[in-house]
Amino acid sequence: MTEKPLKAAIDRLFRAYSDYNRKASKDTLFTLLETLHSLDDKLAAKHGRAMLDIKEYVALKALRNHFHHEGEVRHVVALKAPAHITAQFDLGIACLVSASDCVAAIKGIKNKNPQKQAAWQQEALQAFADTTKIYGGQVVDLNLCVFNCIVKVFELLLSLEIHGDGEEFAEFAAQYDWETQNGHSHYVNGSVFTHASSIDELHSWVVDTYNLAGATKDSAG
C-alpha cells in the first residue's frame, strides 16, 4: 500500500465525519461506516487489523456489515433533548437506531468456525454494551460510539505516524491539540445532563420520538 491511497482513505473518513456532524442521517452514517471500513482495509496491508483493537470500531463494523449485506438499518433519527425535560445529551445531539437492528447486526456476524463466530458475536455484543447509550431497551444512541471511535482512530494514526492532508483532518488535529494543551479529555462518556427526576421522562421521550419518526417514514414511504 503506497502512501497516497492511505492518505486518501484518511481524508475521506474525516470528510465523512464532518458531514455526519453537520447532519446525522442514514446516508451520512452509512458513508461514515463505509469510510471506516475502507481505512481498515488500507491499513491492513502494512499494519494488520489494528482498528479491530478499537471496541467502538468493532460495534460500528458489525452495523456497517448489516447495512452493506442486509441492505437495511431501518431508521436513523438525530435529535436534541427537548427543553421541557431540562436535559442535554453529552454531544448535544443523539443519533438513534433501533436496538433490534443492532442485535441483527451482531447475529449476522459469520465465520465457518462456530467457535470463532460465537467469539466474534460476543465481542461485538460487548462492544455495543460498552460504547453506546441504550434507551428503554429499544433505541440505541450511536453518537458516543462514533465520536470516541474517530478519536481512537486518530490516535492510532498518530501512533503509526500517518496523517491525512485534508482540511477536515487538519481541523480535527487542531482541536485534539487544543484539548491536550488545555487538559481536556478527548473522549465523551455518554452522560445525559438532567435532573434525576427527569431521567425516566427522557428515556420515554427518546423511545416515543424515535418510534414516531420511524412510523412517519414508513407511512411516507
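Note on numbering: residues in each chain are counted from 1, in written sequence order. This being a predicted model, a pLDDT of at least 70 is required before a residue's local features are given, and a value of 80 or more before pairs of side-chain atoms are given or counted; all residues contribute to the totals for chains, interfaces and linings. As a rule here, side-chain values cover all heavy atoms of the structure and leave hydrogens and water aside.

This paragraph deals with the overall build of the chain. Counting its regular elements, the chain contains eight helices and six strands. In sequence order, the chain lays out its α and β elements as α-α-α-β-β-β-α-α-β-β-α-α-β-α. By the compact-globule yardstick of 17 Å for 221 residues, the chain fits well, its C-alpha radius of gyration being 18 Å. For the chain, the C-alpha atoms occupy an extent of roughly 50 × 50 × 35 Å along the three principal directions. We call two residues in contact whenever any of their non-hydrogen atoms come within 4.5 Å of each other. Restricting to contacts in the chain with at least 6 residues of sequence separation, those with at least 24 account for 70%. Using a 1.4 Å probe, the Shrake-Rupley method yields the accessible areas, and only the shown protein chains count as cover for residues. Approximately 11,500 Å² of the chain is accessible, and the part contributed by carbon and sulfur atoms is 52%. Here the chain contributes 22 positively and 28 negatively charged side chains, and the mean placements of these two sets differ by 7 Å. Per the convention used, a helix needs a DSSP run of H or I reaching at least four residues, while a strand needs a run of E reaching at least two, with both numbered from the N terminus. The atom set for the radius of gyration is the C-alpha atoms, and the globule formula is 2.2 Å times the number of residues raised to the power 0.38. A positive count includes Lys and Arg, and a negative count includes Asp and Glu. His and the chain ends are not counted in either. Taken as the charge location is NZ of Lys, CZ of Arg, CG of Asp or CD of Glu.

Each cavity reported here is a set of points on a 1 Å grid over the protein atoms alone in which a 1.4 Å probe fits but cannot get out, each pocket an open set with protein on both sides within 12 Å along at least five of seven lines, and each lining residue one with an atom within 4 Å of a point. Grid points are joined across faces, edges and corners, and a volume is the space filled by probe spheres set on the points. Enumeration over the complete set of coordinates arrives at one cavity of 30 Å³ or more. Of the pockets and cavities examined, the largest cavity occupies roughly 90 Å³. In this structure, the largest cavity is lined by 13 residues; those nearest its centre are Asp90, Leu91, Asp141, Leu144 and Gly190. Looking at the lining of the largest cavity, the elements that each hand over two or more residues are strand E4 (133-135) and helix H6 (143-159). Across the lining of the largest cavity, the residue classes break down as seven nonpolar, three polar and three charged. Throughout, the ten residues Ala, Val, Leu, Ile, Met, Phe, Trp, Tyr, Cys and Pro are labelled nonpolar, Asp, Glu, Lys and Arg are labelled charged, and all others, Gly among them, are labelled polar.

Below, the discussion takes up helix H5 (residues 114-131). By this rule the span expected of a helix is its residue count minus one, scaled by 1.5 Å. The terminal C-alpha atoms of H5 lie 26 Å apart, and with 18 residues this matches the ideal 26 Å at 1.5 Å per residue to within 8%. All of the buried residues in H5 are Gln117, Gln121, Ala124, Ala127, Phe128 and Thr131. One face of H5 carries all of its buried residues, which in axial projection span an arc of 120°. Buried positions along H5 lie against helix H3 (55-70), helix H4 (99-107) and H6. Its side-chain oxygen at 2.8 Å from the backbone nitrogen of Gln115, Asn113 defines the N-terminal cap of H5. Relative accessibility decides the category of a residue: with a 1.4 Å probe and only protein chains considered, values under 20% of the type maximum give buried, values over 50% give exposed, and everything between is partly exposed. Arc definition: it is the arc formed by the directions from the helix axis to the C-beta atoms. Between N or O atoms, a polar contact is any pair within 3.5 Å; within protein, one atom must be a potential hydrogen donor and the other a potential acceptor, and residues adjacent in sequence are included only when both atoms are from side chains.

Bringing the packing of H3 against H4 into the picture now. To obtain each axis, a line is fitted to C-alpha atoms, and for helices this fit is confined to the stretch in contact; angles are then taken between N-to-C directions over 0 to 180 degrees. Contact geometry of H3 with H4 gives a least axis separation of 8 Å together with a crossing angle of 90°. Classified by the interaxial angle, the pair formed by H3 and H4 is roughly perpendicular. Mapping the contact onto sequence places Ala62, Leu63 and His66 in H3 and Asp101, Cys102, Ala104 and Ala105 in H4. Grouping the amino acids of the contact of H3 with H4 by side-chain chemistry returns five nonpolar, one polar and one charged. The scheme is simple: roughly parallel for angles under 35 degrees, roughly antiparallel for over 145, roughly perpendicular for 65 to 115, oblique for anything else.

Turning our attention to the layout of surface pockets. Considered as a void within the structure, the largest pocket measures approximately 340 Å³ in volume. Forming the boundary of the largest pocket are 16 residues, of which Lys61, Ala62, Asn65, Ile109 and Trp120 lie nearest the centre. In terms of residue count, the dominant contributor to the lining of the largest pocket is H3 (seven residues). Among the residues forming the lining of the largest pocket, the class breakdown is eight nonpolar, four polar and four charged.

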